[in-house]
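Report on the structure
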Amino acid sequence: MTVRVLVADDQALIRAGLVALFTAAPGFEVVGEAADGAEAVALTAATSPDVVLMDIRMPVLDGIAATRRILADAGEDPPRVVVLTTFDLPEYVYTALGEGAAGFLVKDTPPERIISAVRTVAAGDILIAPHITHRLIETYAQHHRATSVGAPQLARLTARETEVLRLVGNGLTNAQIAQRLVLSEATVKTHVKRMMGKLALSSRAQAVVVAYETGLIVPGPGRPGSGG
């Protein structure tokens with residue numbers, strides 16, 4: 001399967017480097033490149049990529065607003081949006097995940113890890129496992145909890161769906177959740193799909209944010225279910 005990639009970055013050198021990287025990598029096709037968020041939205045609609053690499057700070061329309069528009073307009077089969085960022089923009093990362101981005105990459109990530117990460121996202125997983133990502137989400141989920149929708153939304157879920165949400169929030173894949181709960185992976189996929197549908201979530205990354213915002217996962221090294 002060929003993964004179709006769209007690259008959006010206002011820095012021509014970075015954009016050209018990413019385009020060259022994916023053009024040379026087997027199993028990838030670059031379907032477009034955008035220099036601003038508005039162009040990214042238009043090209044996504046025109047080319048239907050599997051994954052969009054989205055810079056945050058861009059002219060005309062920033063990456064967060066562009067992500068929001070892309071996912072709102074995509075219908076039932078949205079592309080996976082991976083935010084390109086630097087560690088000095090943690091709140092932007094948190095906000096992007098809340099808008100439905102599938103994860104984020106730091107711009108100085110080695111090329112082979114970028115390739116691997118995009119394959120991971122294209123396969124349906126999220127870039128949440130690294131501890132730095134969890135730390136960003138924990139910090140800003142705590143900060144924003146006063147304005148979040150809060151725990152009552154969890155009442156829509158069954159006990160099993162709530163447990164699945166907690167494990168997704170801890171960064172576990174479907175296979176790991178299946179092993180933890182002694183279920184088939186197909187059953188876990190069903191629970192994940194129902195959980196996300198009830199909470200009106202468009203990505204697993206959003207589920208991670210909700211797990212923290214609602215207090216289902218308590219930030220800190222001793223949070224339940226961590227280390228899986």
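See the structure shown above.
Residues numbered from 1 in each chain as written. Predicted model: local features only at pLDDT ≥ 70, side-chain atom pairs only at ≥ 80, totals over all residues. Heavy atoms only, no water.

1. With respect to the overall build of the protein chain
The condition is simple: Per the convention used, a helix needs a DSSP run of H or I reaching at least four residues, while a strand needs a run of E reaching at least two, with both numbered from the N terminus. Three exposure classes are used, based on accessible area relative to the maximum for each residue type with a 1.4 Å probe and protein chains only: buried under 20%, partly exposed in between, and exposed over 50%. The criterion used for residue contact is that any of the two residues' heavy atoms lie within 4.5 Å. Per-residue accessibility takes into account occlusion by the displayed protein chains alone, with areas from the Shrake-Rupley method and a 1.4 Å probe.
Secondary structure assignment for the protein chain yields ten helices and five strands. Taking all 228 residues of the protein chain together, the buried fraction comes to 51%. Long-range pairs, those at least 24 residues apart, make up 68% of the contacts in the protein chain between residues at least 6 apart in sequence. For the protein chain, the accessible surface area stands at approximately 10,500 Å², while carbon and sulfur atoms represent 54% of it.

2. Some details on the nonpolar core
Note the following rule: Throughout this description, the term nonpolar core refers to a set of buried Ala, Val, Leu, Ile, Met, Phe, Trp, Tyr and Cys residues connected via side-chain atoms within 4.5 Å.
If you look at the biggest cluster of nonpolar residues, it comprises 23 residues, and the most contacted ones within it are L165, V168, I177, V192, M195, L199 and L201. Contributing elements (two or more residues each) for this core: α7 (159-169), α8 (174-181), α9 (185-198) and α10 (204-213). Top contributing element to this core by residue count: α10, with five residues. Aside from chain neighbours lying at most four places away, what touches L199 is Q153, R156, L157, L165 and V210. Residues A25, F28, L84 and A102 belong to the second largest nonpolar core, which totals 19 residues.

3. Quick notes on the packing of α7 against α9
Applied cut-off: Axis geometry follows a simple rule: fit a line to the C-alpha atoms, using only the stretch in contact for helices, then measure angles between N-to-C directions, giving values from 0 to 180 degrees. Here the word oblique covers every angle except those under 35 degrees (roughly parallel), over 145 (roughly antiparallel) and from 65 to 115 (roughly perpendicular). Amino acids are sorted into nonpolar (Ala, Val, Leu, Ile, Met, Phe, Trp, Tyr, Cys and Pro), charged (Asp, Glu, Lys and Arg) and polar (every other residue, Gly among them).
Here α7 crosses α9 at 95°, and the two axes come no closer than 9 Å. Viewed along their axes, α7 and α9 adopt a mutual orientation that is roughly perpendicular. Along the contact surface, α7 presents R160, E161, V164, L165 and V168, while α9 presents H191, V192, R194, M195 and K198. In terms of residue class, the contact of α7 with α9 is built from five nonpolar, one polar and four charged.

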